[in-house]
Amino acid sequence: MNWLTNFVRPKLRALVARKETPETLWLKCPKCEQMLFMRDWEANQEVCTHCGHHMRIRPLKRLPYLFDEGKYELHPLPRVPADPLKFRDTERYDARLKKAQAKAEGATDALTVASGLMGNRMTVLAALDFGFMGGSMGTAVGEGLVMAADLAVARKAPLIVFSASGGARMQEGILALMQVPKTVAAVEDLHDSRTPFISVLAHPTTGGLLASFASLGDVLLAEPGALMSFAGPRVVQQTTREKLPDDFGLAESNYRFGHLDAVVPRPELKPTIAKLLRLFAHAG
Ligand SMILES: [Zn+2]
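Residues numbered from 1 in each chain as written. Predicted model: local features only at pLDDT ≥ 70, side-chain atom pairs only at ≥ 80, totals over all residues. Heavy atoms only, no water.

Caption draft 1: Structural detail: the packing of helix α6 (residues 139-155) against helix α8 (residues 179-192). It is the contact of α6 with α8, at a shortest axis distance of 9 Å, that shows an interaxial angle of 5°. The angle between α6 and α8 falls in the class roughly parallel. In this structure, α6 contributes Thr139, Gly142, Glu143, Leu145, Val146, Ala149, Ala152 and Val153 to the contact, and α8 contributes Gln179, Lys182, Thr183, Ala186, Asp189 and Leu190. Its residues placed into classes, the contact of α6 with α8 shows seven nonpolar, four polar and three charged. (Axes fitted to C-alpha atoms, helices over the stretch in contact; angles between N-to-C directions. Helix = DSSP H or I, 4+ residues; strand = E, 2+ residues; numbered from the N terminus. Parallel < 35°, antiparallel > 145°, perpendicular 65-115°, else oblique. Contact = heavy atoms within 4.5 Å. Nonpolar A, V, L, I, M, F, W, Y, C, P; charged D, E, K, R; others polar.)

Below you can see the structure in the form of structure tokens.
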């Protein structure tokens, strides 16, 4: 143990962090460009208090808002081969992975699985992390979702999945695409065991995730303004050579077309999910 790095440096960092600088007190909403008092913004679950813009939120920030008294148990993802194809583009995949892990506060990949009480009912929750390589689904995420579904079935607890992803992890090629049928099979297991599955789509949910488990919830919810489209609007516009409506692919237009059950602002997600869990429990 190195006393200098383990004790002195954290203490120094705590001293520096305690200093209230304008950057730590205020932030600017990227949509309406109004200044937000950080404490109000956090109390509003990282939603702009002026215009309602939902900023991206990482799983470890989201979980305390959802579980009763902010208490939950984390379940580590199953271990998988880190770089099965030895993939390299401008950088080696295993190096990219390590960098993403270093910024992920202990998470090993783009999925966090947790369990705990929600509205006084045991619930299993899995949340994709867009901040981890664009929330892309490779083997670790696929195996993690299967683990979460198995856990839900074993504990007779509803499964709630929060999606935010750019799609399949290209660095894992065909192995990433194989996660699509694998996660669909896991949802089939949920259906067969009559385990409720609520899918919540956050910005953005695209590609292989939208084409697999994210669209297969018994109830499909989305956060306001979330893009949910297999391909992004720019790609669709270039392919079809047609001018798309401004709200193309957004949660609100998908709701109008009947693809979603509800668009729910983040601060209302917990009471909404708790109400749904009560209804599922009454339905047996
Ligand atoms: Zn705003």
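There's plenty left to go through after this.
Caption draft 2: Region of the structure containing a negative patch on the surface. A cluster of like negative charges, contributed by Asp150, Glu188, Asp189 and Asp192, occupies part of the molecular surface. Broken down by element, the negative patch gets its largest block of residues, three residues, from α8. Within the fold, Asp189 resides in helix α8. (Patch = residues over 30% accessible without salt bridge, like charges linked within 9 Å, V, L, I, M, F, W, Y side chains within 5 Å. Areas by Shrake-Rupley, 256 points an atom, 1.4 Å probe, with all protein chains shown as cover. Salt bridge = Lys/Arg side-chain N within 4 Å of Asp/Glu carboxyl O. Lys, Arg positive; Asp, Glu negative; His and termini not counted. Charge placed at Lys NZ, Arg CZ, Asp CG, Glu CD.)

Caption draft 3: Layout of the nonpolar core. Grouped together as the largest cluster of nonpolar side chains are 39 residues, with contacts concentrated most on Leu111, Val124, Leu145, Leu159, Val161 and Phe213. The contacts of Val124, once residues within four sequence positions are left out, are Val113, Ala114, Ser115, Ala148, Leu151, Ala152, Ala157, Pro158, Leu159 and Ile160. In terms of nonpolar packing, the next biggest core, distinct from the first, is built from 18 residues, Ala114, Leu125, Phe162 and Val200 among them. (Core = buried A, V, L, I, M, F, W, Y, C linked by side-chain atoms within 4.5 Å. Buried < 20%, exposed > 50% of the residue type's maximum accessible area, 1.4 Å probe, protein only.)

Caption draft 4: Representation of the packing of aromatic side chains in the model. Applying the stated rule across the entire model yields two aromatic pairs. Pairing Trp26 with Phe37 gives two aromatic rings, centres 5.3 Å apart and planes at 50°, and the pair type is tilted. Here Trp26, found in strand β1 (residues 26-28), pairs with Phe37, found in strand β2 (residues 35-37); they are 11 residues apart in sequence, far enough to count as distant. For Trp26, a relative accessible area of 41% corresponds to the partly exposed category. (Phe/Tyr/Trp six-rings, centres within 6.5 Å; stacked < 30°, edge-to-face > 60°.)

Caption draft 5: Examining the side chain of Thr112 more closely. The residue Thr112 is located in strand β4 (residues 111-118) in this model. For Thr112, a relative accessible area of 9% puts it in the buried group.

Caption draft 6: Seen up close, the pairing of strand β8 (residues 219-222). Of the two faces of β8, the one carrying Val219 and Leu221 and the one carrying Leu220 and Ala222 are both buried. Taken together, the four bridges between strand β7 (residues 197-206) and β8 define a ladder with parallel strand orientation. Paired with Ser199 across the strands is Leu220, a residue of β8. Pairing geometry for β8 and strand β10 (residues 262-263), over two bridges, is parallel. By the bridge assignment, Leu221 is partnered in β10 with Ala262. (Pairing = 2+ DSSP bridges.)

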